[in-house]
Amino acid sequence: MSAPEDDVDQERRVLVQRLTFLGGGVVLLGGCKKDEPAQAPAPKRPAPPTTSHLTFTDEEYRVLEAACERVLPQDEAPGAKALGVPGYVDRILQTPELSRMKDDFPPGLMALDRRALRLFGHGFPDCTAAQQDEVLTAFKDSPEASGEARWYEMLVVLTLEGALGDPSYGGNKDRAGWALMGFTLVGTAAAEPPPDYDGRKALHVRCGDGKGC
Amino acid sequence: MPNDPVDVVVVGSGAGGAPMALELARAGFSVVVLEKGAHYQPKDFLHDEILNSRRNFFMPLPWDEPHLWRKGTDQPFARTNEAWTANCVGGGTVHMSGYFYRMKPVDFRLRTTLGEVKGASLADWPIEYKDLAPFYDVAEAELGVSGNAVPHPFLEPRSRNFPLPPLDEHPVAKAIDDAAKGLGWHPLPTARGILSQPYQGRAGCSYCTLCGSYGCEHGAKASTNASVIPRALATGKVTLRPRCMATEVTVDAKGNAKSVIYKDPDGVTQEQSARVVVLSCTAVESARLMLNSVSARFPKGLANGNGLVGKNLVFSSFGQSKATFRVSKSAGKRAWIDSQAPFVNRSLQDFYLMPDARFGFRKGGTLGFMWQHPNPIFAAVGLAKKGKDGVFGKALKDKLREYKDSRILEFEIYGEFLPNPDTLVTVDAKVKDRYGLPVAAITVKRHPVDLTMTKFLVERGEEVLAALEPDALERVGVAGETTILQGGTCRFGKDPAASVLDAECRAHEVKNLYVVDGSFLPSSGGVPLTLTIAANAFRVGAALVRRLKSGGL
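These numbers come from a predicted model, not from an experiment.

A. Here's a closer look at the interface of chain A and chain B. Listed by partner, the interface residues are 68 residues for chain A and 60 residues for chain B. Counting the surface lost from both chain A and chain B, the interface buries some 5,600 Å², and carbon and sulfur atoms represent 61% of this. The tally of links between chain A and chain B comes to nine salt bridges. Counting the contacts that link chain A with chain B gives 17 residue pairs in polar contact (both at pLDDT 80 or more). Those elements that place two or more of their residues in the side of chain A that touches chain B are α1 (8-21), α3 (58-71), α5 (85-92), α7 (129-140), α8 (147-164), α9 (176-181) and α10 (199-206) of chain A.

This is the structure in structure tokens:
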């Protein structure tokens, strides 16, 4: 498969490129994944972690829901949660094309949670919306090559894919994401996929299970 | 079990490979076509942005099959998926937008026209426009091109109009016409490789709008998968082998091409022997295959005794601006705003060749006007931006609402890309793809004249957009390159010391090896390359048929 990485810079460039490939966001927390636990208070989490999800622990999923909702908050139109975005992210990270992101993305959620705890004394999901925005902004505005900045991009890209992708992936509930953008082509001018269509299965079949086209 | 030898093995089934296969098969020769990607059927072309545009349906994953990329010989390489076109039967013609322009006579004589340009490795072509013109006619008829040739200062000589009438146009085309004419220029309808009506058993365009970057489920787009390949297969002389990755071209003791080694869909190594080997894998990938085909006879790579394989890589110079029109602010002044028609189909070629160098360049290119691609995730990611410019939350949602209230008209530049010694393809033995092959390493250095030229063309395009009085006008860039449009890595020429291929696109050093993708192009012209690659492949195919029939290999 891919060639062995002989230095950290090379690895970093690969990850940056993965971001380009998805059209926007990425990955890997560089140092903070390992460094932060030593500085942050011991996380108060139940052990062992429980999960009713495919990719995330229940605790990670709560952070994911809160973070996606701040990217696309509920107002007069549905927000990320109502659109089914967290479920989309949970499922799409199971696809082989994103297998390495599946490893890189969840630690970023917990880094976000620890940052919130350190700044405001609460985990990310329990902060106020304004506090959550402050933490997300800090990640967004981190240096371009930092793990935080790239993780933020990945969060935004996955959220927008979930909100605006084909509904068969589990997001874009009732096509409300498309309605927000005024995107009406699929099902009108352009034929929609067949009724039993499942985008994730199509990725599996048509994209060769992550083995390339 | 070895495969039975055939007359010709063609590697690649896109704009170059498919016409070759068709020409040879019609003349009765047996052909095997090896195609790296899948043979998609109409039912596979679905309007799912995630599947189609954001994963590896067309393009390989950059960590499985990277192209190394750097701008400047002093920069480190990065792993990217730059300069891949679609990996599937039909290649890049499947997901192209189908802007089908011909090159102009000046493109064949650029070195003579411009004289010596410092820092550029310009060369005239070994053929003239009139040699290719009949095959432009053939390609337009075989693929199915819709358009209307109108007089303008750079209209290429044509024996006839396009085979199909123009597609329906969005009424904004008329506003562009008025604006451009007001500036003293000559707007022309953009010909498209899209059927405006049923043609040769294929359906006409349904105006679904999800066109460029998608495959067409109606076969209305002039992909070779919809047009040329079915006719080639119908001859009974062509065997198409999808999901077969060519890894090496072998040579015999005399230095003639003997066979193509490839991995079949199960990963098993296979060999296909043939009297003639034709490569058409894109300019980057054909060069890579040749550089990876090392033998005692060709220690620097196949047909590379003079070291020119991979050199003189050219892309198309890219620049773009976009104008935003708010639907809610259009009452009473933009009669065209409510039309959802997908095609603008207007171009400007007034700046194809400047009469003198007063603006810092002479060879320019084409401006093509179009609506922004309608993919919603693509649009939203662009609006969200990142870093200090990034927005999320209510601000992002409001931007998405603004988008709903917007029509975004843009233009693209297809500009000359001056070839130079520091823009080239090599292979990197340290970085291998999932087949274990050294990957292509692309080094790009832009000639400063290209950037002057692109900026000038972008400014002219902005004058047209400004005349339409948009609510916002945004410059996207003036220094880019369109890497799906590529050529030059096996340039053709009369002098075996200064070119890889002869005028028939046959390797000077290997008399039964042909390369028919964009590799042959010494210059990239000022238009997208697809139609020219197809026309040239029909030309080369006809010449090869004559040779095979006369025993003149």
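From this point, things continue past the structure.
B. Structural context of the sheet that holds strand β3 (residues 67-71) of chain B. All names here are of chain B. Pairing is mixed in the open sheet, where four strands are placed in the order β4-β3-β15-β14. Where the open sheet ends on each side, the last strands, each with one partner, are β4 (78-80) and β14 (424-432). Neighbour to neighbour, the strand axes of the sheet diverge by 40° on average, direction disregarded. Where β14 lies against strand β15 (residues 438-444), six bridges are found, and the strand directions are antiparallel. Following the sheet pairing, Val427 is matched in β15 by Ala440.

C. Fine view of the packing of aromatic side chains. Scanning the model with the defined rule gives 31 aromatic pairs over all chains in all. Centre to centre, the rings of Tyr88(A) and Tyr169(A) are 6.2 Å apart; their planes meet at 70°, and the pair counts as edge-to-face. Taken together, the residues span a long stretch of sequence, with Tyr88(A) in helix α5 and Tyr169(A) in the loop between α8 and α9 at a distance of 81 residues. For the pair formed by Tyr88(A) and Tyr169(A), the shared burial category is buried. The ring of Tyr352(B) carries Lys104(B) above its face, with NZ or CZ at 5.5 Å from the centroid.

D. Local environment of the packing of α3(A) against α7(A). Residue and element names in this part refer to chain A. Their axes nearest at 10 Å, the elements α3 and α7 cross at an angle of 85°. With respect to their mutual orientation, α3 and α7 come out roughly perpendicular. Across from Ala66, Ala67 and Arg70 in α3, the residues of α7 making contact are Ala129, Gln132, Asp133 and Leu136. Split by residue class, the contact of α3 with α7 holds four nonpolar, one polar and two charged.

What counts and what doesn't
Residues numbered from 1 in each chain as written. Chains lettered and ligands numbered in written order. Predicted model: local features only at pLDDT ≥ 70, side-chain atom pairs only at ≥ 80, totals over all residues. Heavy atoms only, no water. Contact = heavy atoms within 4.5 Å. Buried area = accessible area lost by both parts, 1.4 Å probe. Salt bridge = Lys/Arg side-chain N within 4 Å of Asp/Glu carboxyl O. Polar contact = N/O pair within 3.5 Å; in protein donor to acceptor, adjacent residues only side chain to side chain. Helix = DSSP H or I, 4+ residues; strand = E, 2+ residues; numbered from the N terminus. Pairing = 2+ DSSP bridges. Axes fitted to C-alpha atoms, helices over the stretch in contact; angles between N-to-C directions. Phe/Tyr/Trp six-rings, centres within 6.5 Å; stacked < 30°, edge-to-face > 60°. Buried < 20%, exposed > 50% of the residue type's maximum accessible area, 1.4 Å probe, protein only. Lys NZ or Arg CZ within 6 Å of the ring centre and 35° of its normal. Parallel < 35°, antiparallel > 145°, perpendicular 65-115°, else oblique. Nonpolar A, V, L, I, M, F, W, Y, C, P; charged D, E, K, R; others polar.

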